[in-house]
Amino acid sequence: SGWRTRESFDGLKKAIQEAYDEQKRIIDVSYGEGKWAIVVGKTDELKAQAWRSSDNWGDISAFIKEKYDDKKTKYYITAVARGGDEGKTFFVVMSENVHCLAQAYSWRTSADVTDFIEKKQEEGMQITAVFDDSAKDTAKPFLVVMTEVANTSKLLAPTVANPECVYGFCSGY
């Protein structure tokens, strides 16, 4: 396990390849203070993994659809970020995780983000990623990824164990 930071996107790609060469998977990605950061680790939960970057969300959306439609491997969004030069580059990681049972994502406004989250919670899903793009998109600035997680997961908080919990924080506390 560990983390790596790189100032350039080429450096990030090299860091990802180094992690893959060490049999590690990307657990999270972010951008800040002029650097890309990845958290990597060895885990049995993340099998096959694919990532894509683009300055165009349409390319990312097409990649997500392609991976969702893959008949051999069931991929789920496991990390998402935006950064790079002027914050133009979207970056998404999709992973095979047998503990993920269903997933949905949507760009939302501040007026309808709560409704989307509550609807998906009623369907047995929890928030597994949130992305605030309000600096670049004021129309629909919030990307919310909701996932139904089996109670056998050690990487993600299981939905079925307590649907009121999000990232281990329960509404009763």
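1. With respect to the environment of Phe9
Link 1 in the chain: Looking at where Phe9 falls in the secondary structure, it is placed in helix α1 (residues 9-21).
Link 2 in the chain: Counting along the chain gives 97 residues from Phe9 to Ser106, while the straight-line C-alpha distance between them is 26 Å.
Link 3 in the chain: Discounting residues that sit within four places of it in the chain, Phe9 has contacts with Trp36, Trp51, Ser53, Thr89 and Phe91.

2. Topic: the nonpolar core
Link 1 in the chain: Among the nonpolar cores identified, the biggest contains 16 residues, and Trp57, Ile64, Val92 and Met94 are the most heavily contacted of them.
Link 2 in the chain: Counting residues per element, this core draws most heavily on helix α2 (residues 57-68), which supplies four residues.
Link 3 in the chain: Ile64 has contacts with Trp57, Ile77, Val92, Met94 and Tyr105, leaving out every residue within four places of it along the chain.
Link 4 in the chain: The next biggest cluster of nonpolar side chains, apart from the first, holds 14 residues, and it includes Tyr20, Trp36, Ile38 and Val40.

3. Some points on α1
Link 1 in the chain: Between its first and last C-alpha, α1 extends 18 Å over 13 residues, near the 18 Å set by a 1.5 Å rise per residue.
Link 2 in the chain: Among the residues making up α1, those that are buried are Gly11, Leu12, Ala15, Ile16, Ala19 and Tyr20.
Link 3 in the chain: On its buried face, α1 is in contact with β1 (2-6), β2 (25-32), β3 (35-41), β4 (49-54) and β6 (89-96).

4. As for the sheet that holds β4
Note: strands within a sheet are paired through backbone hydrogen bonds, in either parallel or antiparallel orientation.
Link 1 in the chain: Pairing is antiparallel across the open sheet formed by three strands, whose spatial order is β4-β6-β5. Each edge of the sheet is formed by a strand with only one pairing partner; in this case those strands are β4 and β5 (75-83). With strand direction ignored, the average angle separating the axes of adjacent strands in the sheet is 15 degrees.
Link 2 in the chain: In this sheet, β6 lies alongside β5 in antiparallel orientation, the contact comprising eight bridges. Within the sheet, the bridge partner assigned to Ile77 lies in β6 and is Met94.
Link 3 in the chain: Contacting β4 and β6, α1 crosses the sheet at an angle of about 180 degrees to β4.
Link 4 in the chain: Strands β4, β5 and β6 of the sheet are contacted by α2, whose axis makes an angle of about 5 degrees with β6.

5. Quick word on unusual backbone geometry
Link 1 in the chain: Positive phi is not limited to glycine here, since Gln23 has a value of about 65 degrees.
Link 2 in the chain: Within the fold, Gln23 resides in the loop between α1 and β2.
Link 3 in the chain: Of the residues examined, Gln23 reaches a relative accessible area of 54% and is grouped as exposed.
Link 4 in the chain: Residues other than glycine seldom take positive phi values, yet Glu86 does so here, at roughly 60 degrees.
Link 5 in the chain: On the accessibility criterion, Glu86 (57% relative accessible area) is exposed.

6. Looking at the confidence of the model for the protein chain
Link 1 in the chain: The predicted model of the protein chain has a mean per-residue pLDDT of 89, with 92% of residues at 70 or higher.
Link 2 in the chain: Below a pLDDT of 50 lies the segment residues 165-173, which in the model reaches 13 contacts outside its immediate sequence neighbourhood of four places, other chains included.

Criteria and thresholds
- Residues numbered from 1 in each chain as written.
- Predicted model: local features only at pLDDT ≥ 70, side-chain atom pairs only at ≥ 80, totals over all residues.
- Heavy atoms only, no water.
- Helix = DSSP H or I, 4+ residues; strand = E, 2+ residues; numbered from the N terminus.
- Contact = heavy atoms within 4.5 Å.
- Core = buried A, V, L, I, M, F, W, Y, C linked by side-chain atoms within 4.5 Å.
- Buried < 20%, exposed > 50% of the residue type's maximum accessible area, 1.4 Å probe, protein only.
- Expected span 1.5 Å × (residues − 1).
- Pairing = 2+ DSSP bridges.
- Axes fitted to C-alpha atoms, helices over the stretch in contact; angles between N-to-C directions.
- pLDDT = per-residue confidence, 0-100.

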